[in-house]
Amino acid sequence: MENEIVGAKLPILALRGLVLFPGMTLHFDVGRKASINAVKYALEKNSEIFLVTQRNVDDERPVQTGLYSVGTVACVKQAVRVSSSSNTLRVVLEGLYRASLLEITDYAPYYYGTVKPRRNTPVRTSDEQYEEALIRSAKQRFTEYSDISGKIAPDICIKILESSSAGETADLIAGNIYFPIEEKQHVLSELNPIRRLEYLVVVLQEEIEIISLEDKIQRNVQDRMDKNQNEYYLREQVKAIYEELGEGENPDEERDKYRQMILESKMPEDSKEKMFVEADRLAKMSPSSPDANVIRTYLDKCLALPWGIYTKDNLKLNSVRRTLDRDHYGLKDVKERIVEMLAVRAVAPDIKGQIICLAGPPGVGKTSVAKSIARAMGRKYVRVALGGVHDEAEIRGHRRTYIGAIPGRIANSLIDAGSANPVMLLDEIDKLSGDFRGDPASALLEVLDAEQNNTYVDHYIDLPFDLSKVLFITTANDKYSIPAPLLDRMEIIDLTSYTHEEKFNIAKKHLIPKQMKEHNVKKSNLKITDKALRLIIDGYTKEAGVRNLERQIAKLCRKSDLAIADGNDELITVSEKNIEEYLGPVKFREEKDELKDEVGIVNGLAWTSVGGETLPIEVAVLEGTGKTELTGSLGNVMKESAMTAISLIRSRCERYGVDSSFYKNKDIHIHCPEGAVPKDGPSAGVTMTTAVLSALSGIPVRGNVAMTGEITLRGRVLPIGGLKEKSMAAYRHGMTTVIIPYGNSSDISQIDDEVKKKVKFIPVKTIDEVFDIALKREVKKQKKTTVPPIVKGKSAGRTNAFT
């Protein structure tokens with residue numbers, strides 16, 4: 001029969017994780033479409049089939065290089081469908097002889113190719129005695145292997161013991177013992193029966209040793225288990241003896257103690273059931289086992305939560321107003337909003353919790369306002385610092401599967417507060433950052449959503465807790481850096497920069513008494529005159545808040561302590577004449593030149609995340625070839641504003657009395673001081689245009705005028721953002737007039753009254769109005785062109801970075 005199939009083409013079945021040997025019967029399921037088609041073809045044509053193992057078991061459609069070169073030609077004994085709903089076949093095949101795969105000619109509908117038989121190398125007469133000894137040795141080791149493993153069927157053992165040739169014995173043993181597929185394939189590829197059986201004798205010996213070691217390990221494990229069971233039995237006997245003698249603790253006493261605490265708590269019934277299960281688990285464990293300590297810690301944390309514990313709110317509005325006024329000077333909007341919130345709670349007690357975000361520059365009292373709110377309402381106060389938090393687990397806790405797991409900051413803060421309705425300050429919420437461990441800002445979405453937080457679940461506690469009664473107050477320096485979904489859940493209250501008068505009153509009523517108390521300085525030891533205090537505010541600090549001001553006052557208190565320590569108890573009076581003896585030279589002096597009328601210098605206004613700033617823009621016109629130079633770390637938007645300004649002036653040279661060829665024979669250099677600080681945004685448009693026109697025409701710009709607004713090529717002035725902060729900057733720097741876009745007229749009502757007393761705000765629609773106000777003398781106008789009207793209803797956009 002072998003001569004008939006030399007070089008013949010046969011259907012091919014690729015095996016995964018199996019090797020078929022000649023004389024071996026193999027049962028397995030066939031599920032791949034090509035393999036099913038190959039089996040069906042062999043059955044229909046009564047043909048043999050070539051079985052070969054694939055190299056990678058995960059390869060669904062192996063090519064010829066993905067198959068081993070040597071396999072076994074077999075006949076299909078039986079093929080049955082596994083179920084009516086499945087195409088999988090359960091087949092029985094019998095190996096006939098070895099063969100090599102020469103070529104695969106077709107891959108569909110089934111693998112089909114040319115195979116060539118591989119004959120065993122004949123055993124030489126001189127090796128017959130060695131062959132007999134080798135067969136006996138192999139059978140002896142196989143018998144030992146089958147006795148130890150107990151996995152070989154009796155009929156297989158009989159068949160192997162009755163085999164007479166080395167090749168047959170090797171094939172039967174290799175097909176019925178466990179060893180790696182690569183090694184089985186090596187046995188299948190070996191044509192020399194003696195070498196094949198020698199290799200298997202070594203494999204059998206190694207397997208016998210491995211199985212012996214496994215048995216030894218199993219016995220050791222069983223001995224330890226028996227020992228643990230014996231210890232448990234003895235321990236229970238010891239407990240019974242102690243109970244009988246009345247000595248020692250009842251083993252169930254700890255569990256009963258926890259069950260009693262759970263029953264007395266006000267947690268929901270579902271949560272109590274889960275806690276009972278944990279308490280019962282604790283009773284079944286050894287008190288000294290690590291798992292017992294984990295459960296004990298978990299129960300303690302859960303019971304420490306303030307389930308159903310609420311403090312009574314102080315809803316007397318007059319008392320609340322007095323507390324807020326006593327603790328803080330100014331902050332009218334913030335105080336009104338807090339009083340409104342308490343009034344609503346008095347009328348509608350079941351209203352869901354509101355989330356307030358206090359946004360403003362550093363040092364304006366955001367954190368202290370939250371403390372004052374808690375004190376005014378009679379609630380507990382807890383602070384959660386979020387600056388630099390980048391792990392979601394810090395907010396929601398770690399799951400108990402981790403070693404060293406702890407509750408999140410929200411749950412721990414509730415435990416610290418001891419009540420379920422504290423004032424919880426989420427400080428620096430704009431400083432959150434996410435990484436591969438998760439996004440803490442997203443974890444806060446549930447916490448700050450009044451519709452969801454009544455069933456807040458900490459990953460460690462794993463029980464729902466009601467946060468709807470908690471008054472959440474968040475703080476941020478830059479509200480624009482807060483993710484939009486989080487910002488949408490909060491009501492923003494802006495805290496702007498303090499005026500000079502506000503700083504003076506805050507220092508006199510709060511900061512000086514506070515620092516004198518902390519440094520144990522009495523009024524008989526230190527006196528700061530009003531003029532000295534005003535000089536500290538203007539000459540030693542330049543900030544939106546009062547932190548540096550407090551540091552300077554603390555410095556004066558330290559000087560007083562030093563004098564007392566040296567034995568000098570006399571009163572130290574700090575006045576504007578001797579203040580430099582204690583604080584050193586004045587750092588910020590008002591330069592008269594800053595408000596001087598100059599050509600090519602205009603005072604712009606900028607918004608930053610820590611408040612408003614003035615942004616002077618300087619322009620120099622030089623003889624040249626028409627180049628434009630922009631310096632001062634300007635962003636793309638500011639550069640485009642500069643180009644727009646120059647193009648606007650070019651289009652109206654005749655109207656403004658400017659040489660129409662300036663863009664050919666003049667170089668224009670535009671510079672924004674503090675060049676290391678990046679600046680960007682469109683609101684410097686009117687400032688740049690005015691500065692360029694002043695430099696080209698030689699007309700000076702009024703030094704006490706500041707301006708802000710976006711410019712268009714048609715000369716319209718468009719609305720901007722951050723006007724409140726910018727107005728404060730103009731006030732601090734002594735400006736008397738601020739030019740703003742007409743579209744920002746409604747924002748004037750939000751500006752501090754003190755600022756409106758000192759600064760005049762002039763809304764403008766076109767750049768011509770800006771020139772009439774800002775330039776020292778009227779610009780000569782030759783023609784008048786109609787300027788398109790401003791688009792009504794356009795909202796002020798947010799400005800970036802500096803402008």
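So, here is what we can say about the structure in this document. (Residues numbered from 1 in each chain as written. Predicted model: local features only at pLDDT ≥ 70, side-chain atom pairs only at ≥ 80, totals over all residues. Heavy atoms only, no water.)

1. Observations concerning the overall build of the protein
Here comes step 1: The helix and strand tally for the protein stands at 27 helices and 24 strands.
Here comes step 2: Against the 2.2 N^0.38 benchmark of 28 Å for 803 residues, the protein shows a C-alpha radius of gyration of 44 Å, more extended than a compact globule.
Here comes step 3: Among the 803 residues that make up the protein, the fraction classed as buried is 47%.
Here comes step 4: By sequence separation, contacts in the protein at least 24 residues apart represent 74% of the contacts at least 6 residues apart.
Here comes step 5: Accessible surface, the protein as shown: approximately 40,900 Å² in total, 49% of it carbon and sulfur.
Here comes step 6: Computing the positive centroid from 114 side-chain charges and the negative centroid from 116, the protein places the two 8 Å apart. (Helix = DSSP H or I, 4+ residues; strand = E, 2+ residues; numbered from the N terminus. Rg over C-alpha atoms; globule rule 2.2 N^0.38 Å. Buried < 20%, exposed > 50% of the residue type's maximum accessible area, 1.4 Å probe, protein only. Contact = heavy atoms within 4.5 Å. Areas by Shrake-Rupley, 256 points an atom, 1.4 Å probe, with all protein chains shown as cover. Lys, Arg positive; Asp, Glu negative; His and termini not counted. Charge placed at Lys NZ, Arg CZ, Asp CG, Glu CD.)

2. Examining the packing of aromatic side chains
Ring pairs (aromatic) are described by centroid distance and by the angle formed between their planes.
Here comes step 1: If you walk through the whole model with that rule in mind, you get nine aromatic pairs.
Here comes step 2: Ring-pair connections join several aromatic residues into one group, and the members of that group are Tyr41, Tyr110 and Tyr112.
Here comes step 3: Taking the ring centre of Phe504 as reference, the NZ or CZ of Arg534 above it sits at 3.9 Å.
Here comes step 4: The cationic tip of Lys765 hangs over the ring face of Tyr742; the distance from NZ or CZ to the ring centre is 4.6 Å. (Phe/Tyr/Trp six-rings, centres within 6.5 Å; stacked < 30°, edge-to-face > 60°. Lys NZ or Arg CZ within 6 Å of the ring centre and 35° of its normal.)

3. Things to note about the packing of helix α18 (residues 530-540) against helix α19 (residues 547-565)
Here comes step 1: The contact between α18 and α19 brings their axes to 10 Å, and the two run at 125 degrees. Judged by the inter-axis angle, α18 sits oblique to α19. As for the relative orientation of α18 and α19, their crossing is right-handed in sense. Seen from α18, the contacting residues are Leu533, Ile536, Ile537 and Tyr540; seen from α19, they are Leu549, Gln552, Ile553 and Leu556. (Axes fitted to C-alpha atoms, helices over the stretch in contact; angles between N-to-C directions. Parallel < 35°, antiparallel > 145°, perpendicular 65-115°, else oblique. Left-handed = near helix turned anticlockwise from the far one by under 90°.)

4. Some details on helix α1 (residues 33-44)
Here comes step 1: Helix length check: α1, at twelve residues, gives a terminal C-alpha distance of 16 Å against a target of 16 Å (1.5 Å per residue), a fit within 8%.
Here comes step 2: Those residues of α1 that sit buried are Ala34, Ser35, Ile36, Ala38, Val39 and Ala42.
Here comes step 3: Looking one or two residues beyond α1, the residue adopting positive phi is Asn46, at roughly 55 degrees. (Expected span 1.5 Å × (residues − 1).)

5. So, the pairing of strand β6 (residues 111-117)
Here comes step 1: Of all seven residues in β6, six are buried, a share of seventy percent or more.
Here comes step 2: Here four bridges tie strand β1 (residues 9-15) to β6, and the two strands are oriented antiparallel to one another. Looking at the pairing, Leu10 lines up with Gly113 of β6.
Here comes step 3: Bridge count for strand β5 (residues 89-106) against β6 is six bridges, and the pairing is antiparallel. Paired with Asp106 across the two strands is Tyr112, which belongs to β6. (Pairing = 2+ DSSP bridges.)

6. Description of the packing of helix α7 (residues 253-264) against helix α9 (residues 290-304)
Here comes step 1: Running from N to C, α7 and α9 cross one another at 20 degrees; their axes reach a closest spacing of 11 Å. When the interaxial angle is binned, α7 and α9 end up roughly parallel. For the crossing formed where α7 meets α9, the hand is left-handed. Of the residues in α9, those touching α7 at Glu254, Tyr258, Met261 and Ile262 are Arg296, Leu299, Asp300 and Leu303.
Here comes step 2: The residue makeup of the contact of α7 with α9, split by class, is five nonpolar, no polar and three charged. (Nonpolar A, V, L, I, M, F, W, Y, C, P; charged D, E, K, R; others polar.)

7. Observations regarding the environment of Thr297
Here comes step 1: As for its placement among the helices and strands, Thr297 is situated in helix α9.
Here comes step 2: Judged by relative accessible area, Thr297 falls into the partly exposed class, the value being 40%.
Here comes step 3: On a C-alpha basis, the gap between Thr297 and Ile406 in space is 9.4 Å, while along the polypeptide they are 109 residues apart.

8. Some points on a nonpolar patch on the surface
Here comes step 1: Judged by side-chain polarity, Ile217, Val221 and Met225 come together as a nonpolar surface patch covering roughly 270 Å² of accessible area.
Here comes step 2: As for its placement among the helices and strands, Met225 is situated in helix α6 (residues 193-245). (Patch = residues over 30% accessible without salt bridge, like charges linked within 9 Å, V, L, I, M, F, W, Y side chains within 5 Å. Salt bridge = Lys/Arg side-chain N within 4 Å of Asp/Glu carboxyl O.)

9. Quick notes on the pattern of salt bridges
Here comes step 1: What the rule picks out here adds up to 30 salt bridges.
Here comes step 2: The partner of Lys77 in a salt bridge is Glu94, and the shortest N-O contact between them spans 3.2 Å. Note that Lys77 is positioned in strand β4 (residues 70-81) and Glu94 in strand β5, a separation of 17 residues in sequence.
Here comes step 3: According to the relative accessible area criterion, Glu94 is partly exposed, its value standing at 26%.
Here comes step 4: Within the structure, one salt-bridge network assembled from shared partners comprises Arg98, Asp171 and Arg196.

10. With respect to the environment of Gly734
Here comes step 1: Of note, Gly734 is situated in the loop between α25 (723-732) and β23 (737-741).
Here comes step 2: Separated by 30 residues in the primary sequence, Gly734 and Asn704 place their C-alpha atoms 7.2 Å from one another.

11. Regarding the pairing of β4
Here comes step 1: Sheet analysis places strand β3 (residues 49-53) next to β4, joined by three bridges and oriented antiparallel. From the neighbouring strand, Ile49 faces β4, where its bridge partner is Ala74.
Here comes step 2: Of the strand pairs in this sheet, β4 and β5 are connected by eleven bridges, and their pairing is antiparallel. When the bridges of β5 are listed, Val73 appears paired with Tyr97.

12. Concerning the environment of Thr631
Here comes step 1: Along the chain, Thr631 turns up in strand β18 (residues 628-631).
Here comes step 2: For Thr631, a relative accessible area of 23% translates into the label partly exposed.
Here comes step 3: The spacing of Thr631 and Leu571 is 60 residues in sequence and 53 Å in space, taken between C-alpha atoms.
Here comes step 4: Here His669 takes part through its side chain, which lies 2.9 Å from a polar atom of the side chain of Thr631. (Polar contact = N/O pair within 3.5 Å; in protein donor to acceptor, adjacent residues only side chain to side chain.)

13. As for the sheet that holds strand β7 (residues 355-359)
Here comes step 1: Taken in spatial order, the five strands line up as β8-β9-β12-β7-β13 in an open sheet, and their pairing is parallel. Each end of this open sheet is capped by a strand with a single partner; those strands are β8 (381-385) and β13 (491-494). Adjacent strand axes in the sheet meet at a mean angle of 25 degrees, parallel and antiparallel pairs treated alike.
Here comes step 2: Bridge count for β7 against strand β12 (residues 471-476) is five bridges, and the pairing is parallel. Within β12, the position partnered with Ile356 by the bridge is Ile473.

14. Notes on α19
One turn of an α-helix holds 3.6 residues; hence residues three or four places apart share an orientation.
Here comes step 1: For α19, with 19 residues, the first-to-last C-alpha span of 27 Å sits near the 27 Å given by 1.5 Å per residue.
Here comes step 2: In this fold, the buried residues of α19 make contact with α17 (500-518), β14 (526-528), α18, β15 (572-574) and α20 (579-583).
Here comes step 3: One or two steps after α19, the chain reaches Gly567, where phi turns positive at roughly 95 degrees.

15. Notes on unusual backbone geometry
Here comes step 1: With omega at 5 degrees, the peptide bond leading from Ala108 into Pro109 counts as cis.
Here comes step 2: Inspection of the secondary structure puts Pro109 in the loop between β5 and β6.
Here comes step 3: Backbone geometry places Asp462, a non-glycine residue, at a positive phi of 60 degrees.
Here comes step 4: Among the residues examined, Asp462 registers a relative accessible area of 41% and is labelled partly exposed.

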